[in-house]
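Breakdown of the fold
Spelled out from the first residue to the last, the chains are:
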Amino acid sequence: MQSWIPLVPEQASTLSSKVDALYFYLSGVTLFFTILISATLIFFVIRYRRRSPYEIPRPVAGSHKLETVWTIIPFIIAMTMFFWGATVYFQQYKPPENAIEVYVVGKQWMWKLQHATGQREINELHVPVGRKIKLIMTTEDVIHDFFVPAFRTKADVVPGRYQTLWFEATKPGRYHLFCAEYCGTNHSGMTGSVIVMEPREFDDWLSGNTGNTTPAVAGQQLYQTLGCASCHGPNGEGGRGPTLAGAFGGPANLESGQSVTIDEGYIRESILNPQAKLVKGFGPIMPTFQGQVSEDQLVQLIAYIKSLHAGAEIPARAPGPSPAGTAQPGASPTRNLR
Ligand code: CUA
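Because the structure is a prediction, the values reported are computed rather than measured.

Helix and strand counts for the chain stand at 6 helices and 12 strands. Per-residue burial over the chain gives 39% buried out of 338 residues. The contacts in the chain between residues at least 6 apart in sequence include a share of 67% that link residues at least 24 apart. When the accessible surface of the chain is totalled, it reaches about 19,300 Å², and 60% of it is carbon and sulfur.

Next up, the structure:
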């Protein structure tokens, strides 16, 4: 925003100006009252100083009017801060529906990123300008924190769960990416860049970086290798496990009577700790895959399950080696881009 305030980073996302406006409001209110109270204090100290050792001040009685005024005004100010802050918070942490998804895995001391189209990056993230980007983030080891000051976007990544974050960049350029949570010896070196490109340039970049298997395709292969399909087939073959085709985003009715949304976090938990939230009507027979699948592989399995639309064919046997780029679930590089 204003380059005359050297402490404020560049504004490069749709959220930047909203965060800054809130920040300046908070700073303004703080500054106003700091000056008001200090000035009043100094004025009173001088005006009402004791002039002789025998001077006895007049007793002061309470004033309900005054008490009411200085209770109600701060209350109103505090509430504007609360509602304004909550609004910006929900905008920041509730990802929009139609966003391009990028998977992020933090580890000591790097950021590993993968696009839904398969391209992998380390400590760099290429995105198109003017498009909503949703990050699905986790970590392999300790807590890290994904922070892009120019976007005013920042969130901890915590072992054992997914954190989502989104942004929409407003101008092309290269922006700093920091780890903002102390994570060990080389924390200070855990930096990178977000490269915002014109959509056409980004398409070129994307098509120049093929040859990677998409997470969904890698997940499909894993799904076969791990034998998931023998229970979670198209229709829950053998009645042993619920079908996963078309399940993502919908509700799961649990044995406990509760209902949960089938999202990334729920699938992850169900792979690692299958007994935690059993779907109604299915016994506790699924083995845990804790220790057998890495964070990257979890992301792939989830990407595959997401790509299964209702009634999708889930082959029970691993398909032969298929060249990347053939029609596969979620493989179309343009599917999420237009
Ligand atoms: Cu990762 Cu600090």
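Spatially, 5 strands are ordered β3-β2-β1-β5-β8 in an open sheet, and the strand pairing comes out mixed. Each edge of the open sheet is held by one strand with a lone partner, namely β3 (120-122) and β8 (163-168). Sheet twist, expressed as the average angle between the axes of neighbouring strands with direction ignored, equals 25°. In the sheet, strand β5 (residues 132-139) pairs with β8 via 6 bridges, with the strands oriented antiparallel. Note that in β8 the partner of isoleucine 136 across the bridge is threonine 164. In this fold helix α6 (residues 295-307) packs onto β1 (100-107), β2 (110-115), β3 and β5, with an angle of close to 165° to the strand it touches most, β1.

In regions of low pLDDT, the predicted coordinates are not meant to be interpreted in detail. Overall, the prediction assigns the chain a mean pLDDT of 82, with 86% of residues at 70 or greater. Note on residues 317-338: pLDDT is under 50 here. Beyond four places in sequence and across chains, it has 34 contacts.

Another aspect to go through is the nonpolar core. Tyr223, Ala252, Tyr266, Ile271 and Val293 are the most contacted members of the largest nonpolar core, which totals 30 residues. For this core, the secondary structure elements donating two or more residues are α4 (215-225), α5 (264-272) and α6. Domain assignment of the residues forming this core places at least three in each of domain 2 (100-207) and domain 3 (215-307). Once residues within four sequence positions are removed from consideration, alanine 252 is found in contact with Gln258, Ser259, Val260, Ile262, Tyr266 and Val279.

By the definition in use, this model includes 13 aromatic pairs. Each ring, one from phenylalanine 32 and one from phenylalanine 33, has its centre 5.1 Å from the other, and the planes form 85°; the classification is edge-to-face. Judged by its relative accessible area of 32%, phenylalanine 33 is partly exposed. One aromatic cluster is present, formed by Phe43, Phe44 and Tyr48 through successive ring pairs. If you follow arginine 47 out to its NZ or CZ, it ends over the ring of tyrosine 48, 5.2 Å from the centre. Directly above the ring of tyrosine 162 sits arginine 268, whose terminal nitrogen or CZ lies 5.2 Å from the centroid.

The subject of this paragraph is the environment of aspartate 141. Among the secondary structure elements, aspartate 141 is positioned in the loop between β5 and β6 (144-148). Judged by relative accessible area, which is 26%, aspartate 141 ranks as partly exposed. With 18 residues separating them in the primary sequence, aspartate 141 and proline 159 have C-alpha atoms 6.3 Å apart. The contact partners of aspartate 141, leaving out residues within four places of it in the chain, are Gly106, Lys107, Gln108 and Pro159. Among the polar contacts made by the side chain of aspartate 141, one reaches the main-chain amide nitrogen of glutamine 108 at a distance of 2.8 Å. Side chain to side chain, aspartate 141 and histidine 144 meet in a polar contact 2.9 Å long.

Among the structural elements, glutamine 119 can be located in the loop between β2 and β3. For glutamine 119, the side chain forms a polar contact with the side chain of threonine 117, separated by 2.6 Å.

In this structure the tally under the stated criterion is 12 salt bridges. In this structure, glutamate 140 and lysine 112 form a salt bridge, with 2.7 Å as the shortest nitrogen-oxygen distance. Taken as a pair, glutamate 140 in the loop between β5 and β6 and lysine 112 in strand β2 lie far apart in primary sequence, 28 residues in all. Judged by its relative accessible area of 35%, glutamate 140 is partly exposed. What makes lysine 112 buried here is its relative accessible area of 19%. Between lysine 134 and glutamate 264 there is a salt bridge, with the nearest N and O atoms lying 4.0 Å from each other. Highlighted residues: lysine 134 in strand β5 and glutamate 264 in helix α5, separated in sequence by 130 residues. Via salt bridges that share partners, Glu101, Lys134, Glu264 and Lys306 belong to a single interconnected network.

Criteria and thresholds
Residues numbered from 1 in each chain as written. Predicted model: local features only at pLDDT ≥ 70, side-chain atom pairs only at ≥ 80, totals over all residues. Heavy atoms only, no water. Helix = DSSP H or I, 4+ residues; strand = E, 2+ residues; numbered from the N terminus. Buried < 20%, exposed > 50% of the residue type's maximum accessible area, 1.4 Å probe, protein only. Contact = heavy atoms within 4.5 Å. Areas by Shrake-Rupley, 256 points an atom, 1.4 Å probe, with all protein chains shown as cover. Pairing = 2+ DSSP bridges. Axes fitted to C-alpha atoms, helices over the stretch in contact; angles between N-to-C directions. pLDDT = per-residue confidence, 0-100. Core = buried A, V, L, I, M, F, W, Y, C linked by side-chain atoms within 4.5 Å. Domains from an automatic or database assignment. Phe/Tyr/Trp six-rings, centres within 6.5 Å; stacked < 30°, edge-to-face > 60°. Lys NZ or Arg CZ within 6 Å of the ring centre and 35° of its normal. Polar contact = N/O pair within 3.5 Å; in protein donor to acceptor, adjacent residues only side chain to side chain. Salt bridge = Lys/Arg side-chain N within 4 Å of Asp/Glu carboxyl O.

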